[in-house]
Amino acid sequence: RKEVEQDPGPFNVPEGATVAFNCTYSNSASQSFFWYRQDCRKEPKLLMSVYSSGNEDGRFTAQLNRASQYISLLIRDSKLSDSATYLCVVPRVDSSYKLIFGSGTRLLVRP
Amino acid sequence: EAGVVQSPRYKIIEKKQPVAFWCNPISGHNTLYWYLQNLGQGPELLIRYENEEAVDDSQLPKDRFSAERLKGVDSTLKIQPAELGDSAVYLCASSLTSGTYNEQFFGPGTRLTVL
């Protein structure tokens, strides 16, 4: 089983829609999680950090389900500019501080 | 404030040729990372530096890849000789220090094509 798994998508939604995608992780001891956004041919940028049950920032909500070992990202009122790949990131639970990136979920928001 | 700078942005070489990538992290950032990103995949760590010391190079293919960060600031990643399978984007990132809670900032990457 991969350490971090994501549905590659693409999720194709109209503007204004609400969309959610999940990320599953294999290590039940993981404590912190991140969502990075990566635009086409650009570098990844931190979108949200999740340290407890969840986090909310405007139209974006991240939720953590420790029992089922998944993190979700919910985007409300989708904008064209939300079109990107969303990378789920789970740090290794050791002294390496190594970030394990999922393969990403691609989102396309259409007019 | 300037972000992470990488050069070149694009590089096309023939297989068996050497190639080098350069990275200048955000000023004051002690930790520097080199990642490899294949198409459709997330970045994978190649090497992490704390100042000038390589503290995690377990994923670096040492037969052909080498890296240095001599003065604990900028860094160079080299491949010699390059193989077809090395075609990918090489990302450099930096953070204030290591640790889960320190955000990593990525540079724009170098897109390598090996023919």
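Let me begin by describing the structure that accompanies this report.

Calculation rules
Residues numbered from 1 in each chain as written. Chains lettered and ligands numbered in written order. Predicted model: local features only at pLDDT ≥ 70, side-chain atom pairs only at ≥ 80, totals over all residues. Heavy atoms only, no water. Helix = DSSP H or I, 4+ residues; strand = E, 2+ residues; numbered from the N terminus. Rg over C-alpha atoms; globule rule 2.2 N^0.38 Å. Buried < 20%, exposed > 50% of the residue type's maximum accessible area, 1.4 Å probe, protein only. Contact = heavy atoms within 4.5 Å. Pairing = 2+ DSSP bridges. Axes fitted to C-alpha atoms, helices over the stretch in contact; angles between N-to-C directions. Phe/Tyr/Trp six-rings, centres within 6.5 Å; stacked < 30°, edge-to-face > 60°.

**Notes on the overall build of chain A**
Along its length, chain A carries zero helices and 11 strands. Shown N-terminal to C-terminal, the secondary structure of chain A runs as helices and strands in the order β-β-β-β-β-β-β-β-β-β-β. Here the C-alpha radius of gyration of chain A, 13 Å, is about what a compact globule of 111 residues would show, namely 13 Å. C-alpha extents for chain A along the principal axes are approximately 45 × 30 × 25 Å.

**Focus: the overall build of chain B**
For chain B, the helix and strand inventory stands at zero helices and 11 strands. The linear arrangement of helices and strands in chain B, starting from the amino end, is β-β-β-β-β-β-β-β-β-β-β. Taken over C-alpha atoms, the radius of gyration comes to 13 Å for chain B, in line with the 13 Å a tight globule of 115 residues would show. Expressed as lengths along the three principal axes of its C-alpha atoms, the size of chain B is roughly 40 × 25 × 25 Å. Burial status across chain B gives 47% buried among its 115 residues.

**Quick notes on the side chain of S95 of chain B**
All names here are of chain B. Summarising the element assignment, S95 is placed in strand 9 (residues 88-95). The class for S95 is buried, based on a relative accessible area of 0%. Setting aside chain neighbours within four positions, we find S95 in contact with H29, N30, T31, Y33, N102, E103 and Q104.

**A few points about unusual backbone geometry**
Backbone torsion omega between G9 of chain A and P10 of chain A reads 5°, so that peptide bond is classified as cis. Turning to its location among the elements, P10 of chain A is positioned in the loop between strand 1 (4-6) and strand 2 (11-14). Note that the residue after Q80 of chain B, namely P81 of chain B, is joined by a cis bond; omega there is -5°. Within the secondary structure, P81 of chain B is located in the loop between strand 8 (75-79) and strand 9. Phi at R41 of chain A is positive, roughly 65°, even though this residue is not glycine. When you line up the elements, R41 of chain A lands in the loop between strand 4 (33-38) and strand 5 (44-50).

**Quick notes on the sheet that holds strand 1 (residues 5-7) of chain B**
Residue and element names in this part refer to chain B. Spatial strand order, 1-3-8-7: four strands in an open sheet with antiparallel pairing. Two strands in the sheet have a free side with no partner beyond their single neighbour: strand 1 and strand 7 (65-68). Direction aside, the axes of adjacent strands within the sheet are offset by 15° on average. As paired elements, strand 7 and strand 8 share four bridges and run antiparallel to each other. When the bridges of strand 8 are listed, F65 appears paired with I79.

**Things to note about the packing of aromatic side chains**
The description of an aromatic ring pair rests on the distance of the ring centres and on the angle between the ring planes. Scanning the entire structure with this criterion turns up 13 aromatic pairs over all chains. On the basis of an interplanar angle of 90° and a centroid distance of 6.0 Å, the ring pair of Y36 of chain A and F106 of chain B is categorised as edge-to-face. A residue pair is termed interchain when its members come from two chains, as with Y36 of chain A in strand 4 and F106 of chain B in strand 10 (residues 105-106). As far as the burial class goes, Y36 of chain A and F106 of chain B line up, both buried.

**With respect to the pairing of strand 4 (residues 31-37) of chain B**
Residues and elements named next belong to chain B. Of all seven residues that make up strand 4, seven are buried, and the element is covered over most of its length. Both faces of strand 4 are covered, namely the face carrying T31, Y33, Y35 and Q37 and the face carrying L32, W34 and L36. Taken together, the six bridges between strand 4 and strand 5 (residues 44-50) define a ladder with antiparallel strand orientation. Bridge pairing in strand 5 places Y33 opposite R48. Between the antiparallel neighbours strand 4 and strand 5 lie six residues, among them G40 with a positive phi of about 80°. Examined bridge by bridge, strand 4 and strand 9 share seven bridges and lie antiparallel to one another. Note that in strand 9 the partner of Y35 across the bridge is L91.

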